[in-house]
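Structural overview
Listed here are the chains, written in short residue letters.
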Amino acid sequence: MNNIKSLIKNRSVFIPAAIIIFIVLLAIIAPFVTGYDETGQNLLSRLMPPGNGHIFGTDELGRDVFTRMLYGTRVSLSIALIPTLAALAAGTLLGIIAAYFGGWQDFLIMRMADIMLSIPGMLLAMVVLYTFGGSLLSVYIAIVLIEWGSIARVVNETSSVILENDYVLAAKSMGVRGVMIVLRHILPNLVPTLIVLFTINIPSSILSESALSFLGIGIQPPKVSLGLMAGASKEFLFQMPWLSLAPAGMIMLLSLSFNFLGDALRELLDPKRREV
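Residues numbered from 1 in each chain as written. Predicted model: local features only at pLDDT ≥ 70, side-chain atom pairs only at ≥ 80, totals over all residues. Heavy atoms only, no water.

1. Considering helix H9 (residues 178-214)
Along its 37 residues, H9 runs just 46 Å from first to last C-alpha, ending more than 12% under the 54 Å computed at 1.5 Å per residue. Roughly 45° is the biggest bend found in H9, and it falls at Val-191, with proline Pro-192 one to four residues downstream. Looking at the residues trailing H9, positive phi occurs at Gly-216, about 90°. (Helix = DSSP H or I, 4+ residues; strand = E, 2+ residues; numbered from the N terminus. Expected span 1.5 Å × (residues − 1). Bend = angle between axes of the 7 residues up to and from the residue.)

2. Let's talk about the pattern of salt bridges
Throughout the structure, instances matching the rule amount to five salt bridges. Across the salt bridge formed by Arg-68 and Asp-59, the nearest N and O atoms sit 3.7 Å from each other. Its salt-bridge partner being Glu-157, residue Arg-153 comes within 4.0 Å of it at the nearest N-O pair. You can see Arg-153 and its partner Glu-157 sitting in helix H7 (residues 136-163), four residues apart, about one turn around the helix. (Salt bridge = Lys/Arg side-chain N within 4 Å of Asp/Glu carboxyl O.)

3. Some words on the packing of aromatic side chains
The geometry of an aromatic ring pair comes down to the distance between the two centres and the angle between the two planes. Within this structure, the stated rule accounts for two aromatic pairs. Ring geometry for Phe-56 and Phe-66: centres 6.1 Å apart, planes at 45°, overall tilted. Linking Phe-56 in the loop between helix H3 (30-33) and helix H4 (65-101) with Phe-66 in helix H4, this pair joins segments that are 10 residues apart in sequence. Of the residues examined, Phe-66 reaches a relative accessible area of 14% and is grouped as buried. (Phe/Tyr/Trp six-rings, centres within 6.5 Å; stacked < 30°, edge-to-face > 60°. Buried < 20%, exposed > 50% of the residue type's maximum accessible area, 1.4 Å probe, protein only.)

Here's what the structure looks like:
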């Protein structure tokens, strides 16, 4: 309870967390915030400037930009959270297996991670999307493939240090099963690291989706995401900059908030950093 209170009092944690929570809630209650349909077209009201009931104006098809931003934030957040959680689960499992068993298991898993890390993330994502199409599932798979290797490597190194502790060696000598050692000793000590990895990887997921959708190979219409909105409006960038700047601003705000939150949590949860 004291740790929770200290986190709330810490401005470097509270401010980005409050921004993230506000944006998430706004996206969830989008139907109650705006009276427009995110796919509803009105060609008589196309390319209207901000005002007249449209906070950020309308796009080339007369759709309300603010409404599409809220629904696009839903999609972008789901793409950020779900694949990041999946990559975190896969990377954690493989990293722990490699650290606990060592030998050929460690060699095989870590070399696989190295191979994934050696491939440029965007290139790997483009191969996946060109192969399987620009569906939501394809984007999920691409982001998981990009992220699991780095997570597995960090978890492997941290788990290797934990396994050298006296209480873990004592548990092994007493015949405690490997599953119990992982559940009682390794995972609880990994929680701070996993929290930081989760918050730090979310911005990269958001930016990866945005870049892919901006290039036209990510999320496809009629679905909407922040990256897709920014990419679709790039031809009006100099005449009507708000069409691109509004979704781009939301991408920047989300990415910076998660980055600041991850950095603050790393400072608070890392004992070595607290001692400095």
